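A structural walkthrough
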Amino acid sequence: MPTQVLHSNSTVKNVLQIMNAEPSSAPNNNSQQHLMNDEMAGGRSSITGRQKITVVILCFVNLINYMDRYTIAGILVDIQLQFKIGDDKGGLLQTAFVISYMICAPVFGYLGDRYNRKFIMAFGVFLWSLTTFVGSYMNEYYLFLFFRSLVGVGEASYSTIAPTIISDMFVKDVRSKMLALFYFAIPVGSGLGYIVGSETARILGSWHWGLRVTPLLGMLAVLLILFVMEEPERGQSEGYSHLTTTSWSEDIQLLCRNRSFMLSTAGFTCVAFVTGSLAWWGPQIMWSGLKMQKGYEDVTINSVSLNFGIIAMAAGLIGVPLGSYMAQRLKVHYPKADPLICAGGLLISAPLLFLGLALANKYNYLVLVLIFFGQVSLNLNWSIVADILLYVVSPTRRSTAEAFQILFSHAFGDAGSPYLIGVISEILKKLFAKGTIPVLLASMTLASNNLQTSSGDKQDSINNFHSLQYALFITSFVEVLGAMFFFFTASYIVKDKELAETETPADNGPDTVQNRYPVDETRLHGHSNPRFVA
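Remember, predicted model here, so these are calculated numbers, not experimental data. (Residues numbered from 1 in each chain as written. Predicted model: local features only at pLDDT ≥ 70, side-chain atom pairs only at ≥ 80, totals over all residues. Heavy atoms only, no water.)

A look at the overall build of the protein
Along its length, the protein carries 22 helices and two strands. Evaluated residue by residue, the protein yields a buried proportion of 59% over its 534 residues. When the accessible surface of the protein is summed, it comes to about 21,400 Å², and 65% of that surface belongs to carbon and sulfur atoms. (Helix = DSSP H or I, 4+ residues; strand = E, 2+ residues; numbered from the N terminus. Buried < 20%, exposed > 50% of the residue type's maximum accessible area, 1.4 Å probe, protein only. Areas by Shrake-Rupley, 256 points an atom, 1.4 Å probe, with all protein chains shown as cover.)

Rendered as structure tokens:
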């Protein structure tokens, strides 16, 4: 903690103010801010009704956000049949969306740190709702791809800003619980996306109708954001006011020096790679494997998508709050618990998902169990990674940090993973068709089908299954890599958190780098640690 030089009168005033014995007009200083933080350390004893409503609205929008994102995954086979496209162009639908999403995220992160966040989010939700609805009427592949990419522009505005609003309303354990609730909507929304997409298409007889549910909910969300949701002042929960922002280029430089932020972002990128691949191709690999089992030859993709969606939702219902609960309990005694829980979750998930893929054409119920527990372990990460970002980064650059994490994790994670898996699958299909079976890949699966003796349609089905299966094996190795990044994060997390907490947020003079960072040592790891006199 930096040395504080305080006058006794100022100290008395600060204590009286916190005890509600004096109006809040007394000037802010760092001592007062830390006393307020300590007061709120156990979480606010009372959360206002407006704050509860705001969290519910944010969770609702996040839910329909991910419903919209994965509705196509539930009807992908129908889309491929209509447009006559293979796995590569099928994966490109998700990749195009994520590319536009990650490119626009830094723009909205910059705006979110400086302008009215309610208006920015309302604009984004309106845009993705409109483009999803219009895109559902496209009957040409590249037009459909174009509108799918525009959906990413709208979603980028919401995803970069919403967590920072929660951060500005709550601190510590209360913040962790609210973030768990917020990110709880991701796996649940993804699962609902499969269900809504597949079931709406089945009931109404066309996959186009599966894309017209979330836009209606999106318009409702726009009204709730504009007229009901509260927008707190930046840094409000930490007791800060009149925060001074730095330039965007300086924000980026400081974030790049923050080792905990960068390493946890790298770990989360691996999580995004895995979730993007499995969310997009999971229903199809389960459907292909199930058709190869006796008694399931006539199973439909819609029924498989429904089951996959239920598993995803159940895994989210357990995994996200379990991760948050473990973090809150263990951090009391082990300050490095957050990244270690993330690493452990990935190491547990990797073999479970690998076995689930390897046995997908053999044991239906065992595969469902393996995938369920694999996803539960994977879902431990969501709220914890978000919490790490918020407590190692200053309030004035949190939206920028969210945007940077989205850009990086999607650029090297789920932006390319569905397309990469699709491309590898298509390459392997050609090798299988020629009778060239890679010995290494063949030895990785527990399947016992004889690929050389089958013929006709059955041969094609077997080839299609194994090509996608082998491609998806990559995800287990990426999970192990992600665990390594989180282990490295644990080495720096305590120091970086302390540096973030001691940063001076208020405007205490001219807006200059010298005033923010009086000595060079204070710029370590993307944080300032200045001394000042009350």
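Some details on the confidence of the model for the protein
When pLDDT is low, close inspection of the predicted coordinates is not appropriate. Residue-level pLDDT values for the protein average 77, and 78% of them are 70 or greater. Every residue in residues 1-45 scores below 50 in pLDDT, and together they form 60 contacts with partners more than four places removed in sequence or on other chains. The low-confidence segment residues 439-454, where pLDDT is below 50, has 34 contacts with residues more than four positions distant or belonging to other chains. (pLDDT = per-residue confidence, 0-100. Contact = heavy atoms within 4.5 Å.)

Description of the environment of serine 417
Tracing the sequence through the fold places serine 417 in helix H17 (residues 417-433). The class of serine 417 is buried, set by a relative accessible area of 0%. Sequence-wise, serine 417 and glycine 91 are 326 residues apart; in three dimensions their C-alpha atoms are separated by 8.2 Å. Residue contacts for serine 417: discarding those within four places in its chain leaves Phe273, Gly276 and Ser277.

Re the packing of helix H8 (residues 172-204) against helix H12 (residues 301-331)
One can describe the packing of H8 onto H12 by two numbers: an axis separation of 8 Å at closest approach and a directional angle of 175 degrees. Judged on the interaxial angle alone, H12 and H8 are roughly antiparallel. Class assignment of the residues belonging to the contact of H8 with H12 gives a composition of 16 nonpolar, nine polar and five charged. (Axes fitted to C-alpha atoms, helices over the stretch in contact; angles between N-to-C directions. Parallel < 35°, antiparallel > 145°, perpendicular 65-115°, else oblique. Nonpolar A, V, L, I, M, F, W, Y, C, P; charged D, E, K, R; others polar.)

Description of the environment of isoleucine 318
You can see isoleucine 318 is positioned in helix H12. Apart from the residues lying within four places of it in its own chain, the contact partners of isoleucine 318 are Phe372 and Val376.

Points about the packing of aromatic side chains
Under the definition given, this model contains 14 aromatic pairs. With 5.4 Å between their ring centres and 75 degrees between their planes, phenylalanine 146 and phenylalanine 147 make a pair best called edge-to-face. Consider the rings of phenylalanine 261 and phenylalanine 404, whose centres lie 5.6 Å apart with planes at 45 degrees: the pair is tilted. Here phenylalanine 404 lies in helix H16 (residues 398-414) and phenylalanine 261 lies in helix H11 (residues 259-291), a separation of 143 residues in the sequence. Each member of the pair, phenylalanine 261 as well as phenylalanine 404, is classed as buried. Following the ring pairs from residue to residue traces out a cluster consisting of Phe83, Tyr141, Tyr142, Phe144 and Trp207. The ring of tyrosine 137 is capped by arginine 212, whose NZ or CZ atom sits 3.9 Å from the centre of that ring. In this arrangement the basic side chain of lysine 291 is found over the ring face of tryptophan 287, its NZ or CZ atom lying 3.9 Å from the centre. (Phe/Tyr/Trp six-rings, centres within 6.5 Å; stacked < 30°, edge-to-face > 60°. Lys NZ or Arg CZ within 6 Å of the ring centre and 35° of its normal.)

Some remarks on a nonpolar patch on the surface
A cluster of nonpolar side chains, contributed by Leu340, Leu347, Val480, Met484, Phe487 and Phe488, occupies part of the molecular surface with about 500 Å² of accessible area. Counting only elements with at least two residues in the nonpolar patch, the list comes to helix H13 (337-358) and helix H20 (474-489). Ranked by residue count, the leading element in the nonpolar patch is H20, at four residues. Mapped onto the elements of the fold, phenylalanine 487 is located in helix H20. (Patch = residues over 30% accessible without salt bridge, like charges linked within 9 Å, V, L, I, M, F, W, Y side chains within 5 Å. Salt bridge = Lys/Arg side-chain N within 4 Å of Asp/Glu carboxyl O.)

Some points on the side chain of arginine 212
Assignment of secondary structure puts arginine 212 in the loop between H8 and helix H9 (214-227). When neighbours within four sequence positions are excluded, arginine 212 is seen to be in contact with Phe133, Ser136 and Tyr137.

Here we look at the nonpolar core
One finds Leu58, Met121 and Phe144 to be the most contacted residues of the largest nonpolar core, which totals 132 residues. It is H11 that provides the largest number of residues to this core, a total of 14 residues. Each residue touching phenylalanine 144, except ones within four places of it in the same chain, is listed here: Ile72, Ile79, Phe83, Leu93, Gly135, Met138, Trp207 and Leu211. (Core = buried A, V, L, I, M, F, W, Y, C linked by side-chain atoms within 4.5 Å.)

Quick look at helix H4 (residues 76-83)
When we look at burial in H4, the residues that qualify are Leu76, Val77, Ile79, Gln80 and Phe83. One side of H4 carries all its buried residues, which in axial view fall inside an arc of 160 degrees. Among the structural elements, helix H3 (49-74), helix H5 (87-112), helix H7 (141-169), H11 and H12 are those in contact with the buried residues of H4. Looking one or two places after H4, you find lysine 84, whose phi comes out positive at around 55 degrees. (Arc of directions from axis to C-beta.)

A look at the packing of H5 against H7
Their axes nearest at 6 Å, the elements H5 and H7 cross at an angle of 35 degrees. Once H5 is placed against H7, the crossing between them reads as right-handed. Residues of the contact of H5 with H7, tallied by class, amount to 16 nonpolar, eight polar and three charged. (Left-handed = near helix turned anticlockwise from the far one by under 90°.)

A closer look at H20
Along its 16 residues, H20 runs 23 Å from first to last C-alpha, staying within 8% of the 22 Å computed at 1.5 Å per residue. Among the residues making up H20, those that are buried are Thr475, Ser476, Val478, Glu479, Gly482, Ala483, Phe486 and Thr489. The buried residues of H20 occupy an angular sector of 155 degrees when projected down its axis, which confines them to one face. (Expected span 1.5 Å × (residues − 1).)

Side note on the environment of alanine 315
Position of alanine 315 among the secondary structure elements: in helix H12. Distance from alanine 315 to leucine 380, taken between C-alpha atoms, is 9.7 Å for residues 65 residues apart in sequence. If we skip the residues at most four places from it in the chain, alanine 315 touches Val320, Phe372, Gln375, Val376 and Asn379.

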